[in-house]
Structure formats: C-alpha cells, structure tokens
Amino acid sequence: VQLQASGGGLVQAGGSLRLSCAASGRTVGTYVMGWFRQAPGKEREFVAGVSRSGSSTRYADSVKGRFTVSRDVAKNTVYLQMNSLKPEDTAVYYCACDYLAAIVATLTQNYEYWGQGTQVTVSS
C-alpha cells in the first residue's frame, strides 16, 4: 500500500484545512485508516481514524468537535477536515493504515504503512 498525503499549508488561527490521503495498491475500504501528527521535539501522536467498515471513527480529545475524518472508497482517499485550527495544531500530519485490525487503534506501532507527511502551520 502506498499512501500520499496532501493538503497542508499555512493558515491563521480559527481557519480550516482539509487533508487528503490517496491510497494505491489496496482500497481504503479494507483497512483501518488513521491520521497522526508530529510537532517539533514531540512524539508522533494519534489524531483521528476510521474503522475498516467505515462505520465508526475515533478522535484524540484535543481535536474532538473540530476535526472530522472521512473516506471516499470510490476515490480510494481518506480525508481529515480540520476546523477552528489552533497554533498547537501545528505539526507534520501523516496518514497511515492498519491492515490487521478492524477498529481504530491509537498507537503508532499498530500501523504498518505510512504516508510521507504534510506540514500544517497555524499562525496566531
């Protein structure tokens, strides 16, 4: 599975961005798909994910109510809609897939394939 993340950029606090993760090799409808982020000097952390069936999602407490994860199986793409962005959301965002599980895990070691990351910078 190859994953290509895009959509990052520079935005003011309170603004919005939508990240995309295009998959090739296998359909996103057969894997758990997750979004993680890593800020400078910090460990990579879970942000959001969608289950293999697509029926459930999971979010980090820090982004609940502001971020929405979704997928388009026909386009083989997973999205992360980010609203009400804060400076503390600044990080490199990565998409990843967990092909062994059915439900969303929050640990990086559960995910076997990773995209290259896209930078999100939120100015105050």
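The preceding data block contains the structure.
Nothing here was measured: the structure is a model prediction, and the numbers come from that model.

A. Structural context of the overall build of the protein. On a plain count of helices and strands, the protein comes out with zero helices and eleven strands. Taken over 124 residues, the protein has a buried fraction of 44%. A fraction of 58% describes how many contacts in the protein between residues 6 or more apart in sequence connect residues 24 or more apart. Summed over all atoms, the accessible surface of the protein reaches about 6100 Å², with 48% contributed by carbon and sulfur.

B. Broad picture of the pattern of salt bridges. Taken as a whole, this structure holds four salt bridges when the rule is applied. Between Arg 37 and Glu 45 there is a salt bridge, with the nearest N and O atoms lying 2.7 Å from each other. Overall, Arg 37 belongs to the buried group, its relative accessible area being 6%. On the basis of relative accessible area, Glu 45 is assigned to the partly exposed category, the value being 37%. Residue Lys 64 is joined to Asp 61 by a salt bridge in which the shortest nitrogen-to-oxygen separation is 3.2 Å. Asp 61 sits in the exposed class, given a relative accessible area of 65%. It is possible to trace a salt-bridge network through shared partners that takes in Arg 37, Glu 45, Arg 66 and Asp 89.

C. Seen up close, the state of the cysteines. Applying the stated rule across the entire model yields one disulfide. There is no disulfide at Cys 97, and the cysteine sulfur nearest it, in Cys 21, is 8.5 Å away.

D. Quick look at the sheet that holds strand S8 (residues 77–82). The antiparallel open sheet is built from four strands, whose spatial order is S1-S3-S8-S7. Strands with a single pairing partner mark the edges of an open sheet, and in this sheet they are strand S1 (2–6) and strand S7 (67–72). Adjacent strand axes in the sheet meet at a mean angle of 15°, parallel and antiparallel pairs treated alike. Taken together, the five bridges between S1 and strand S3 (residues 17–24) define a ladder with antiparallel strand orientation. Residue pairing in the sheet places Gln 2 in a bridge with Ser 24 of S3.

The rules behind these values
Residues numbered from 1 in each chain as written. Predicted model: local features only at pLDDT ≥ 70, side-chain atom pairs only at ≥ 80, totals over all residues. Heavy atoms only, no water. Helix = DSSP H or I, 4+ residues; strand = E, 2+ residues; numbered from the N terminus. Buried < 20%, exposed > 50% of the residue type's maximum accessible area, 1.4 Å probe, protein only. Contact = heavy atoms within 4.5 Å. Areas by Shrake-Rupley, 256 points an atom, 1.4 Å probe, with all protein chains shown as cover. Salt bridge = Lys/Arg side-chain N within 4 Å of Asp/Glu carboxyl O. Disulfide = S-S within 2.5 Å. Pairing = 2+ DSSP bridges. Axes fitted to C-alpha atoms, helices over the stretch in contact; angles between N-to-C directions.

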